[in-house]
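Examination of the molecular architecture
The residues making up each chain are set out below.
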Amino acid sequence: MVNLIASHIVKPAKPEVMYLSECDQCKPLTYATTVHFYKPENPELLKDATRVLKDSLSEALAAFYPLAGRLFQKDGGRVELRCNSMGALLLEAQSELKIEDFGDFCPTPQISALIPPIDYNNTPLHEVPLLLVQITRFACGGVSLGLAVSHVIVDGQSGCHFAAEWAKIARGEKSDDQPYLDRTILQQYEEYPSSIAPKLQYSDFYPLPVLIGQSSSLEERKKATTCAMFPLSKEQIEQLKNNANNHHDLVHKTNNHQPFSRFVAVSAHIWKCLSKARMHSPDQETVLYVTVDFRSRLKPPLPGRYFGNAVLPVPARAIAGDLQSRPPSYASSKIKEAIDKVTDEYVRSYLACMKNMPEVSSSRHFHTVGCAKGLFFGNPNLLITSWVGLDVHKVNFGGGEANSMTPGSLGYDGRLFLIPGPNGDGSLIIPLRLQVEHINAFKKYFYEDI
């Protein structure tokens, strides 16, 4: 049981309409949610947590002021960001639970209660803060920090940058790693000369296959889903890498013969096991979408601290029979080829496609369970986001680094994250939402087939 103690609106100072790129515009109007758990050996370090977090947040929002603004609806499903200093929402809560009661920190409704609730259906868009924070104190003396940040405003790298700078201020240090806020820099990449047609069309990015025998994803969207956590040790990851790199499929070698990364090898294993657990027929098409950061792939590259969305979902396609009958290198090569395609020209084509769409709502996906709108990445498909390169555990507000962190929710079937283990030991934790009827079979194959 979580009892609300207090609610605070925290404001910075600055109003303007800020340009949103096409990459921002096609993102869901929902929120990226994370929960960080802290239990220092000295509970005194957390005694003043609310005041420290509130004061430091106010200062952090002065630098990251778009987060204190609001979104307003425009034509064609697009939105406008007004930096009107309406502020972030900070909630204080108390719980009778102990941190250990959350077990493996799987994003269940119990975890969701540690994030400020957002009523997407009954609250006008312009009334919802773009950043919501909840501090929850537990009976064991620990606390959690639940964050919800608008997908339209930040991607994973920008969100982590903000959290790291806020934490610096909370520790009494100088915030010296400023965000690059001018999103108009992406306009130069969105403009294609009228004489040249973009090399790629919308259909290159989003033809989502549906199950054979079905005409749409409607039936699959309705099915009951559940979440589970799948930990992988460093040794298991090395085994998957070895499997992918040692069993070369002669037909499908990668272009440059570089070894497959752990991300590619683990993703390929998940794809194969998931297709098996979903009992796909051998000729079922399936797409694995990988979220790729393109900051450094553009020419010239974006500033490293570009604050906004600079990621896009990239499709790797395969036929289920091939996935299951061929060696791990087959699925791995499909994923690596898809990632390698993300060049300057590919990103420019993607942005130009989005810019030419009169209505962007249809190309958004919705991070809400059972939602019938927008794109659906569930059965027979999946969407993987890696947090491996992000310092998700190192957010230290003065009471030490987080003991654990987890996504606050997983929105739909086939949605999963790759998160580094909390001890920096090379392990991974994989939170995954799947249809109830497939979860046990997936768990069996996932560990047996390593």
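Residues numbered from 1 in each chain as written. Predicted model: local features only at pLDDT ≥ 70, side-chain atom pairs only at ≥ 80, totals over all residues. Heavy atoms only, no water.

1. Description of the overall build of the chain
What the chain contains, in helices and strands, is 13 helices and 15 strands. In terms of C-alpha radius of gyration, the chain reaches 22 Å, essentially the compact-globule figure of 22 Å for 450 residues. Counting only C-alpha atoms, the chain reaches 60 × 55 × 40 Å along its principal axes. Taking the 46 positively charged and 47 negatively charged side chains of the chain as two groups, their mean positions are separated by 2 Å. (Helix = DSSP H or I, 4+ residues; strand = E, 2+ residues; numbered from the N terminus. Rg over C-alpha atoms; globule rule 2.2 N^0.38 Å. Lys, Arg positive; Asp, Glu negative; His and termini not counted. Charge placed at Lys NZ, Arg CZ, Asp CG, Glu CD.)

2. Section: the sheet that holds strand S5 (residues 79–83)
Across the sheet, three strands lie side by side as S2-S5-S4; this open sheet has antiparallel pairing. Each edge of the sheet is formed by a strand with only one pairing partner; in this case those strands are strand S2 (16–18) and strand S4 (70–73). Neighbour to neighbour, the strand axes of the sheet diverge by 35 degrees on average, direction disregarded. In the sheet, S4 pairs with S5 via four bridges, with the strands oriented antiparallel. Residue pairing in the sheet places leucine 71 in a bridge with leucine 81 of S5. (Pairing = 2+ DSSP bridges. Axes fitted to C-alpha atoms, helices over the stretch in contact; angles between N-to-C directions.)

3. Let's talk about the pairing of strand S14 (residues 415–420)
Among the six residues in S14, six count as buried, and that is most of the element. Residues Arg415, Phe417 and Ile419 line one face of S14 and the alternating positions Leu416, Leu418 and Pro420 line the opposite face, and both faces are buried. With four bridges connecting them, strand S12 (residues 382–386) and S14 associate as parallel partners. The partner of threonine 385 across the bridge, within S14, is phenylalanine 417. Here four bridges tie S14 to strand S15 (residues 428–435), and the two strands are oriented antiparallel to one another. Within S15, the residue paired with proline 420 across the bridge is leucine 428. (Buried < 20%, exposed > 50% of the residue type's maximum accessible area, 1.4 Å probe, protein only.)

4. What to know about the packing of helix H9 (residues 262–277) against helix H11 (residues 328–340)
At their nearest, the axes of H9 and H11 sit 8 Å apart, and the two run at 120 degrees to each other. The angle between H9 and H11 falls in the class oblique. Considering the relative orientation of H9 and H11, their crossing is right-handed. From H9, Phe263, Val264, Ala265, Ser267, Ala268, Trp271 and Lys272 reach across to H11, where they touch Pro328, Ala331, Ser332, Lys334, Ile335, Lys336 and Ile339. Classifying every residue of the contact of H9 with H11 gives nine nonpolar, two polar and three charged. (Parallel < 35°, antiparallel > 145°, perpendicular 65-115°, else oblique. Left-handed = near helix turned anticlockwise from the far one by under 90°. Contact = heavy atoms within 4.5 Å. Nonpolar A, V, L, I, M, F, W, Y, C, P; charged D, E, K, R; others polar.)

5. Some points on the sheet that holds S14
Sheet architecture is open: six strands sit in the order S9-S15-S14-S12-S10-S11, paired in mixed fashion. Only two strands of the sheet have a single partner each, and these edge strands are strand S9 (225–232) and strand S11 (311–319). Across the sheet, the axes of successive neighbouring strands diverge by a mean angle of 20 degrees, strand direction being ignored. Sitting on the sheet, H9 is in contact with S9, strand S10 (285–293), S11, S12, S14 and S15, with an inclination near 155 degrees to S12.

6. Looking at the side chain of histidine 36
Within the secondary structure, histidine 36 sits in strand S3 (residues 31–38). Residue classification places histidine 36 among the buried positions, given a relative accessible area of 5%. Polar contacts involving the side chain of histidine 36 include one to the side chain of threonine 34, which spans 3.5 Å. Apart from the residues within four sequence positions on either side, histidine 36 is in contact with Val143, Ser144, Leu145, Leu147, Val392, Val395, Ala402, Ser404 and Met405. (Polar contact = N/O pair within 3.5 Å; in protein donor to acceptor, adjacent residues only side chain to side chain.)

7. Some details on the environment of leucine 428
Looking at the element boundaries, leucine 428 is found in strand S15. Classification of leucine 428 by relative accessible area gives buried; the value is 2%. Put simply, leucine 428 and leucine 53 are 375 residues apart on the chain and 29 Å apart in space, counted from C-alpha to C-alpha. Those residues in contact with leucine 428, other than ones at most four positions away along the chain, are Phe230, Pro231, Leu232, Ile237, Arg262, Val266, Val388, Leu418, Ile419, Pro420 and Gly421.

8. Comments concerning the pattern of salt bridges
Taken as a whole and judged by the stated rule, the model has 21 salt bridges. One salt bridge in this structure joins arginine 82 and glutamate 80, with 2.7 Å as the shortest N-O distance. Given the relative accessible area of 21%, glutamate 80 is considered partly exposed. For glutamate 173, the salt bridge is made with arginine 171, and the minimal N-O distance between the two is 3.0 Å. (Salt bridge = Lys/Arg side-chain N within 4 Å of Asp/Glu carboxyl O.)

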